[in-house]
Number of protein chains: 2
Amino acid sequence: MRKKYSVGTKMKVAVDCIVFGFDGNRLKILLIKRGFQPEKGKWSLMGGFVNKDESAEDAAKRVLKKLTGLDGIYLEQFHTFTRPDRDPVQRTISIGYFALIDINKYKDSLHDNFKAHWFPIKEFPSLIFDHNEMVMMAQNRLQYKAASHSILFELLPEKFTIPMLQTLFEDVFNTVFDKGNFSRKMLSTNLLIKLKEKDKSNSKKGAFYYKLDRKHYQQNLHKILKLVPNPNDLL
Amino acid sequence: MRKKYSVGTKMKVAVDCIVFGFDGNRLKILLIKRGFQPEKGKWSLMGGFVNKDESAEDAAKRVLKKLTGLDGIYLEQFHTFTRPDRDPVQRTISIGYFALIDINKYKDSLHDNFKAHWFPIKEFPSLIFDHNEMVMMAQNRLQYKAASHSILFELLPEKFTIPMLQTLFEDVFNTVFDKGNFSRKMLSTNLLIKLKEKDKSNSKKGAFYYKLDRKHYQQNLHKILKLVPNPNDLL
DNA sequence: ACAAAAGTGTTTTACCTACACCCATGG
DNA sequence: CCATGGGTGTAGGTAAAACACTTTTGT
C-alpha cells in the first residue's frame, strides 16, 4: 500500500434520492419520516452513506432497493451538495440522485419501516437540512431532461392512455397542452403501440390503452421528443 | 458537539476542473503536468482537495485562482465521480467542474508552476485516473448547456467578430453552420453591439467587431439561442 | 481586375399552433 | 338524445435551411 495523500480532510459521503412517481393524476415524490437523531420524526429524503468499497450509484441503488423493494430503477445523478454546515452533526457531502418509478410496482408493505409517504410535488412538507433545495433542483433536472428525452415513460405502468400521458407531462412541466397536438406528436414518435383495450374511467367513449415499444424506446432513448413547447425556458 | 454518525466511511473529497478556452480557432482545455506521486509527470486536470470548512465550489474557485490568477470565472458543477478504485492511493471521490475562461486573460506567467498547457479538445494526451472520462462528460455538458444558453461568450474576448463566434460554435458542436443563417440568428438575439472597428486579419473586407450587450445578456442568460440545429441529439 | 471572406436576400419547406369538428357511449 | 371526454382534420403563420448574390478591399 502506498502512502496516503497528506493534504485534504476526510468526510462522510452520502447519497440522497428524490423518488418520483405518478398516480395517474399528479407527479409525486416519496418521503420518509426520519428515524434517528437529529431531526428525528421530521420528513426527509431517503438517503444513506456511501460505503467503503461502493460507488455512489451502487449506494443509491441499495438505498432504493431497501425503500421500495425494486431493482432496475431509472436513476440519475444530478448534483452534489457540499455546504460545510449542511449537516449539523458532522461534515457530510451528499450526492443527489433522482429516481423514476412506476408507482404501482411500489410495495406499500415496505412502507412502514420508513414511514414513507407519497406527496404531490406541488405540496410536500418542509424537509430537513438542504433537502428542500435538493427537491427543487431534481425537479428542474427532470424537466430539463424530459424535455428532450423520453424518460417519463419510466413513471407509467405497462398500459397507459394518451390523456394520462398528457396529464403527466402537464404536471411535470407545469403547463397545459392542446390535446390534439399532444396526441399527434406523441403518436408520431412511433414509440407507442396501440392496444385493443380502452380505459373508460374518465369518459364514456374511453381512451385506448397504449404500451411502450421497448425496442424502439431503447434505440431512441437519446433521441427527440419535441413535445414541450419551449424547452429553452427551462433551467 | 453532538455525537457523530456511527455508520458510513470517511473519504477524501476532491474537485477537478476542466478549463475551456478558445484561441480564435479551436476550443482548448488547460492541462497540467502532475507534480507529485503517483503518476508524477503525467498530464492531468487541475484539481485539489476540499478543505474542512469549504464548499466544493469554493475549493474549485481556489484551485482555479491558483492556476490562472483569475477571479469570477464561469464555473459549473457537472458530475461527481465515485468509483472506489478511481484513485489508487486512497479512496477519493471527485466533484467535476467545468470552467469557461477568456484565454487572453490567462496569465502565462502562472503557467510554469504547474507546467500547464493548452490542448485542442480534439487532440489532448491521455490523462491520469478517470480524467479522460471527466473531459468527455464535461464536453457533453458544455454542448448541452450551450445549445440553449449563451454561455460561450464567456470564452471570448471583449471584442469579437461573428465569424469568430461561428468558428467557436462549430468547434464546440463539431459541425458546420451556414454563415448567412448563423449571422442572422446571432444578430436576432439582440445580444450583440456592433462596433466601428473591423478585424482584417482573416479577409480583405474585414469583419466588424461586436461586443456583448452585458445588460441584455444578464437578463437573458436563461433564455434561448436557437443556433444549434439539433440540440436534441446531444447528451 | 480578381480572389476571398463578409454579409444580405430570397425561395422553399417543414412543422407547429390554434381551433373547428367528428366520434363513441353511459346515463 | 345529449353531455363529455377522446380523437381527427385543416388553414395559416413562423422559422429554419439552402443557396444565390452583393460588398469590400488587399494584392
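Residues numbered from 1 in each chain as written. Chains lettered and ligands numbered in written order. Predicted model: local features only at pLDDT ≥ 70, side-chain atom pairs only at ≥ 80, totals over all residues. Heavy atoms only, no water.

Per an unreviewed UniProt entry, the recorded name for chain A is Nudix hydrolase domain-containing protein, and the organism is Mycovorax composti.

1. A short note on unusual backbone geometry
Residue and element names in this part refer to chain A. In plain terms, the rule: Secondary structure elements follow DSSP: runs of H or I no shorter than four residues count as helices, runs of E no shorter than two count as strands, and numbering proceeds from the N terminus.
For the peptide bond that leads from Gln37 to Pro38, omega is -5 degrees, which places it in the cis range. Note that Pro38 resides in the loop between β2 (27-33) and β3 (43-44). Despite not being glycine, Glu39 shows a phi value in the positive range, around 65 degrees. Looking at the secondary structure, you find Glu39 in the loop between β2 and β3.

2. Concerning the nonpolar core
So the rule is basically this: Remark: nonpolar core denotes a set of buried residues (Ala, Val, Leu, Ile, Met, Phe, Trp, Tyr, Cys) joined through side-chain atoms within 4.5 Å. Only protein chains enter the area calculation, which uses a 1.4 Å probe; residues under 20% of their type maximum are buried, those over 50% are exposed, and those in between are partly exposed. In this description, contact between two residues means that some pair of their heavy atoms is separated by no more than 4.5 Å.
Core analysis: the biggest nonpolar cluster contains 56 residues, and A:Val15, A:Val19, B:Val15 and B:Val19 have the highest contact counts within it. Sorting the residues of this core by element identifies β1 (10-22), β2, α1 (56-68) and β6 (92-100) of chain A together with β1 (10-22), β2 (27-33), α1 (56-68) and β6 (92-100) of chain B as the ones contributing at least two each. Apart from residues no more than four positions distant in its own chain, A:Val15 is found in contact with A:Met46, A:Gly47, A:Gly48, A:Val50, A:Ala56, A:Ala59, A:Ala60, A:Val63, A:Ser94, A:Ile95 and A:Tyr97.

3. Thoughts on the packing of helix α4 (residues 162-173) of chain B against helix α5 (residues 179-188) of chain B
All names here are of chain B. In plain terms, the rule: Angular values range over 0 to 180 degrees, each being the angle between N-to-C directions of two axes fitted as lines to C-alpha atoms, with helices fitted over their stretch in contact. In this scheme, roughly parallel covers angles under 35 degrees and roughly antiparallel covers those over 145, while 65 to 115 is roughly perpendicular and the rest are oblique.
One can describe the packing of α4 onto α5 by two numbers: an axis separation of 10 Å at closest approach and a directional angle of 105 degrees. With respect to α5, the element α4 is oriented roughly perpendicular. Residues Ile162, Leu165, Gln166 and Phe169 of α4 pack against Lys179, Phe182, Ser183, Met186 and Leu187 of α5.

4. Overview of the pattern of salt bridges
Two side chains bearing opposite charge may form a pair once their charged atoms approach each other closely. Residues and elements named next belong to chain B. Definition in use: Note on definitions: salt bridges are taken to be side-chain nitrogens of Lys or Arg within 4 Å of carboxyl oxygens of Asp or Glu.
Counted under the stated rule, the structure contains 26 salt bridges over all chains. In this structure, Lys28 and Asp23 form a salt bridge, with 3.2 Å as the shortest nitrogen-oxygen distance. With a closest N to O distance of 3.1 Å, Lys145 and Glu76 form a salt bridge. Taken together, the residues Lys145 in helix α3 (residues 131-146) and Glu76 in strand β5 (residues 74-81) connect sequence positions 69 residues apart. Judged on exposure class, the residue Lys145 and its partner Glu76 are both buried.

5. Considerations on the protein's contact with DNA strand D
As a reminder of what qualifies: Any residue with a non-hydrogen atom lying within 4 Å of a molecule or strand is treated as near it. Each polar contact in these results corresponds to two N or O atoms within 3.5 Å; when the atoms are within protein, one needs to be able to donate a hydrogen and the other to accept it, and residues that are neighboring in sequence are counted only if both atoms are side-chain atoms. Amino acids outside the nonpolar list (Ala, Val, Leu, Ile, Met, Phe, Trp, Tyr, Cys, Pro) and the charged list (Asp, Glu, Lys, Arg) are all regarded as polar, and Gly is one of them.
Surrounding DNA strand D, one finds 20 residues, the nearest of these being A:Lys179, A:Lys205, B:Asp178, B:Lys185 and B:Lys205. Between DNA strand D and the protein, one listed contact pairs a phosphate oxygen with a side-chain N or O atom of B:Lys200 at 3.3 Å. Side-chain polar atom of B:Lys205 to a base oxygen of DNA strand D: 2.9 Å apart, as the coordinates give it. Taken together, the elements giving at least two residues each to the surface near DNA strand D come down to α5 (179-188) and β10 (207-212) of chain A together with α5 of chain B. Looking at the surface near DNA strand D, its residues break down into four nonpolar, five polar and 11 charged.

6. Examining the sheet that holds β10(A)
Adjacent strands of a sheet pair through backbone hydrogen bonds, lying either parallel or antiparallel. Residue and element names in this part refer to chain A. To keep it simple, the criterion reads: Pairs of strands are assigned from DSSP output, requiring at least two bridges between the strands.
Taken in spatial order, the three strands line up as β8-β10-β9 in an open sheet, and their pairing is antiparallel. Strands with a single pairing partner mark the edges of an open sheet, and in this sheet they are β8 (160-161) and β9 (192-199). As paired strands, β8 and β10 are joined by two bridges and run antiparallel to one another. Each residue of the ladder has a partner; that of Thr161, found in β10, is Tyr209.

7. What about the protein's contact with DNA strand C?
Every one of the 19 residues lining DNA strand C counts as a neighbour, but A:Lys185, A:Lys204, B:Lys179, B:Arg184 and B:Lys205 are closest to it. Restricting attention to atoms of DNA strand C within 4 Å of the protein, one finds that 48% of them are sugar or phosphate atoms. A distance of 3.3 Å separates a base nitrogen of DNA strand C from a polar atom in the side chain of A:Arg184. Mapped onto the surface near DNA strand C, the elements with two or more residues apiece are α5 of chain A together with α5 and β10 (207-212) of chain B. Residues belonging to the surface near DNA strand C are distributed by class as follows: four nonpolar, five polar and 10 charged.

8. A few points about the interface of chain B and chain A
A common measure of how large an interface is: the accessible area buried when the components associate. Here is the rule we go by: Once two parts are joined, some of their accessible surface, as seen by a 1.4 Å probe, is lost; buried area is that loss totalled over both.
The interface is formed by 52 residues belonging to chain B together with 51 residues belonging to chain A. For the pair chain B and chain A, the summed buried surface comes to about 4500 Å²; carbon and sulfur atoms form 55% of the total. Taken together, chain B and chain A are joined by zero salt bridges. Connecting chain B to chain A are 25 residue pairs in polar contact (both at pLDDT 80 or more). The set of elements that each furnish at least two residues to the side of chain B that touches chain A consists of β1, α1, β5, β6 and α3 of chain B. For the side of chain B that touches chain A, the leading source of residues is β1(B), giving four residues. Here β1(A) pairs with β1(B) via three bridges, running antiparallel. Its bridge partner being in β1(B), A:Met11 is matched across the sheet by B:Met11.

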